[in-house]
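# Descriptive analysis of the structure
Here's the letter readout for the chains.
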Amino acid sequence: MSRLPPLIALAVAILVPLLPGLPPFWVTLLDYIGLYAIVAIGLVVLTGVGGMTSFGQAMFVGFGAYTTAILTTRYGISPWATLPIAVLITACAAYLIGAITLRLSGHYLPVGTIAWNISFYYITGNLDFFRRYDGISGIPPLSIAGISFIDSAKLYYLILLVVVLAILATQNLLDSRIGRAIRALRGGAIAAESCGVDTSSAKIFAFVYAAVLASVSGWLYAHMQRAVNPSPFNIEASIEYLLMAVVGGAGHVWGALLGAGIVTIIKDQLQDLLPKLVGQQGNYEIIVFGVILVAILQTAPDGLWPLIVRPFRRLGKSASRQARAAVEALARREAPQRGNALLEVKGLRKTYGGLVAVNDIDFSVAGGEIVSLIGPNGAGKTTTFNLITGVDRPSAGEVRFGSRAITNLPPRLVARLGLARTFQHVRLIAAMSVIDNVAIGAHLRGHAGALSGIARLDRTEEARLFQEARRQLERVGLLGEADKPATSLALGQQRIVEIARALCLDPTFLLLDEPAAGLRHQEKAALAGLLRKLGDEGVAILLVEHDMDFVMGLCERVIVMNFGSKLAEGTPAEIGRDPAVVEAYLGAVA
C-alpha cells in the first residue's frame, strides 16, 4: 500500500488545530477523536484481524481511568507513575477475563464481553470505593517540565503522539511472527495449530493488547476530564468503539483513526442539527445516526479506509519481500534414515455416538516411504489424518511417532515433533498474501516475541523466515505468485501453497490430503517429482488421493479403507489386482 494516505492523514491531524479561528470546542472534539482512536486501534487487532468480537472495551477504558483517578487523588501518586500501574492492572484483569471468556465461541463470545462490561458499570456505580455514580473528581492535569496539559490544544498533541505510537506499534506487531499468528486466527486456526501456533495464547495476547490500548486511552481521558464516573464506560460506549473500528475498516490500523473521526463528528453534529430541524428536543440523533452508519456499511462493508487508499495503490512502490537480501538459512532437523519405522498406528478407532468413523486401523510408515491412503468418500481417510495430527482425539488405539506416543497431543505439539500436513478443504488465510501464508509454516523455527515485534528487533529473524518461505515456494513452482492474495490463486495452486507451508515446518513426516486435486497433468508430474525427492531425503509421506494414476505411479505402498476399516494393504500392483478393492473402490471409479 502507498504511504501517501497515512502521511496525508497525519499532516491533516497536525495542522487542523493550527487553523486560525478554529473554535476551542473543535479542538476538544479532536481530543476525543484521538482517545477513541486508541481504543479502536486495539479493536483492529482483536476483532478486525483476530476475528474476536468484543463489546467490552469501554470497561478497559474504565480500568485505566479509575486506576489513575484513585491513585492520584487518594494517595498523591504522580499521574505519570500511574500509567504503568494502570497498564499492569488492566493487563492482569484482561488476562483473567480473557482466559475465561475466550473459551466461548460464536455469538457467546460477544455476549460474554457484554456481561463483563455491564458488571463493571454497576460495580463502579454502586461501590463507595469508586464513589458510586458521583464518581471521582479533582484529578490533577498532566504536566511535563512545568508545562501543563490542562489546555485542550496542548493536550491534543500529546494525545496525537500516543495515537501515532499506537499505530506504529500495532503495524509492527502485525508484521511480525506473533502478528501472523493473530492474523491466522480468523478462519485459519486449525491450520495455524497444525503449524505449531499456540492459538489460545495468541487469542489471549490479542485480547490483552486491545485492553492495554483502551487502558491508555482511559488514563488520558481521566486527566483530560479531571473527573471520572461510570457513564462513559457503559455498554453503549463499547458498541460505539466497535462501530468506529468497523466503519473505518476493521482490518486496517489507520482505519481506526478514520472511523473514530467519522463516528464522533456525525454523532456530535446530529445532536445540534436535528433539534433545529424537527423543532423539539429528543433522542432523534440516535435513529439518524444508526441509519447513516448502516448506509456506510452497506456501501463499504470492509470500511471506508480501503476505499480511500485504493486510488493510491498504483503510486506505492512494491514492498515485495522478495527484494530482501539473502541471510543465514534456518537450522534444519536431522533427516530420519530410510526404512526405519517412523509412524505406527495401532488399533486406531473413532466413534461419534453410534457411528464408527475409523474402526481399529493398524499401519506403519517408515522414513523416506511414500504411502497412500485410498478409499471411497466417507471411508474415514481424513478422520484418520485428524487423529494422527491431534485435530481429533481417538476413542481408542495408539499413535506413535518414533519412540514417542502422540495419541492425545494437541496439533501444535505434534507439529513440534516434525509432522506437517495439508487439508482436504484448503485452509489458507484469505486476508494474507501467499508468502505470508507460507511463512506461518515456519512459526516454530522462529523465537521472537511480541515485544521484539513491536520494537522491530525481530527483523533479522523475519528475514530468515521469509527467505525459507521463498525457498519453499520456489521448490513448488509458485515463487512468482508470492505477493498475490492467497485466495486469488486457482484451487489447485492453493493446495500447492499449503504444501509449501507444510514444508516450511521442516518436517520429517508429511501428511497430504488430496494434494493433486485440481492440478493439470504437468503440475501433477512436477508434484510427484517433488515428493519423490523428499522421500529420497528421508521424509516419510502419507497421502490421501483419489487420482489412481497419480497414486499408482508414485507410492510404494497403498492402504485401502472402506467404511472406516482397513480393507487391504500392499504394493500398487497387488492392490490393483485385489478383487475386494476393485469391487469396493477401483471398480466404482472405472
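Attention in this report is confined to the structure presented alongside it.

About the thresholds
Residues numbered from 1 in each chain as written. Predicted model: local features only at pLDDT ≥ 70, side-chain atom pairs only at ≥ 80, totals over all residues. Heavy atoms only, no water. Phe/Tyr/Trp six-rings, centres within 6.5 Å; stacked < 30°, edge-to-face > 60°. Buried < 20%, exposed > 50% of the residue type's maximum accessible area, 1.4 Å probe, protein only. Helix = DSSP H or I, 4+ residues; strand = E, 2+ residues; numbered from the N terminus. Core = buried A, V, L, I, M, F, W, Y, C linked by side-chain atoms within 4.5 Å. Contact = heavy atoms within 4.5 Å. Patch = residues over 30% accessible without salt bridge, like charges linked within 9 Å, V, L, I, M, F, W, Y side chains within 5 Å. Areas by Shrake-Rupley, 256 points an atom, 1.4 Å probe, with all protein chains shown as cover. Salt bridge = Lys/Arg side-chain N within 4 Å of Asp/Glu carboxyl O. Pairing = 2+ DSSP bridges. Axes fitted to C-alpha atoms, helices over the stretch in contact; angles between N-to-C directions. Right-handed = clockwise from strand over helix to strand, strands pointing away. Expected span 1.5 Å × (residues − 1).

## Overview of the packing of aromatic side chains
Each aromatic ring pair is characterised by the separation of its centres together with the angle its planes make. All chains considered together, the criterion is met by 18 aromatic pairs. The interplanar angle of 80 degrees and the centroid separation of 5.1 Å between the aromatic rings of tyrosine 156 and tyrosine 157 together place this pair among those described as edge-to-face. Judged by its relative accessible area of 33%, tyrosine 157 is partly exposed. For the pair phenylalanine 401 and phenylalanine 509, a centre-to-centre distance of 6.2 Å together with 85 degrees between the ring planes defines the contact as edge-to-face. Of this pair, phenylalanine 401 sits in strand S8 (residues 396–401) while phenylalanine 509 is found in strand S11 (residues 509–513), placing the two residues 108 residues apart along the sequence. The buried category is assigned to phenylalanine 401, whose relative accessible area is 8%.

## Focus on the nonpolar core
Considering soluble globular proteins, one finds that nonpolar side chains tend to be buried as a cluster. Among the nonpolar cores identified, the biggest contains 104 residues, and Phe60, Leu220, Val228 and Tyr241 are the most heavily contacted of them. For this core, the element with the highest residue contribution is helix H9 (residues 199–225), accounting for 17 residues. Setting aside its immediate chain neighbours within four residues, tyrosine 241 contacts Tyr36, Val39, Ala40, Leu43, Gln57, Ala58 and Val61. By size, the runner-up hydrophobic cluster in this structure holds 52 residues, among which are Ile370, Ala469, Val539 and Phe550.

## A short note on a nonpolar patch on the surface
The grouping of Ile14, Leu15, Leu18 and Tyr157 at the surface amounts to a nonpolar patch, some 370 Å² of accessible area in total. Relative to the assigned elements, tyrosine 157 resides in helix H6 (residues 152–174).

## What to know about the sheet that holds strand S5 (residues 341–352)
What the four strands build is an open sheet, ordered S6-S5-S8-S9; its pairing is antiparallel. For this open sheet the edge positions go to strand S6 (355–366) and strand S9 (404–405), each flanked by a neighbour on one side alone. Summarising the sheet, S8 and S9 pair through two bridges and their orientation is antiparallel. Residue phenylalanine 401 lies in a different strand from S9, and its bridge partner there is arginine 404. Contacting S5, S6 and S8, helix H14 (residues 381–389) runs over the sheet at an angle of about 115 degrees to S5.

## Some words on the pairing of strand S12 (residues 540–544)
Taken across its five residues, S12 has five buried, putting it largely inside the fold. The alternating pattern of S12 places Ala540, Leu542 and Val544 and Ile541 and Leu543 on opposite faces, both of which are buried. In this sheet, S12 lies alongside S11 in parallel orientation, the contact comprising five bridges. Paired with leucine 512 across the strands is leucine 543, a residue of S12. Taken together, S11, helix H20 (residues 521–536) and S12 constitute a β-α-β crossover, and its handedness is right-handed.

## Re helix H2 (residues 24–49)
Here H2 contains 26 residues, and its C-alpha end-to-end distance of 36 Å stays within 8% of the 38 Å for a straight helix at 1.5 Å per residue. The buried fraction of H2 is high, at 21 of 26 residues. In the segment just after H2, glycine 51 is the residue with positive phi, at about 75 degrees.

## Digging into the sheet that holds strand S13 (residues 557–562)
Ordered by their spatial adjacency, six strands build an open sheet running S10-S11-S12-S7-S13-S14, and the pairing between neighbours is mixed. Only two strands of the sheet have a single partner each, and these edge strands are strand S10 (419–421) and strand S14 (565–570). In this sheet, neighbouring strand axes are inclined to one another by 20 degrees on average, regardless of whether the strands run parallel or antiparallel. Across four bridges, the pairing between strand S7 (residues 370–374) and S13 is parallel. Counterpart to isoleucine 374 in the pairing with S13 is valine 560. Contacting S10 and S11, helix H19 (residues 491–504) crosses the sheet at an angle of about 165 degrees to S11.

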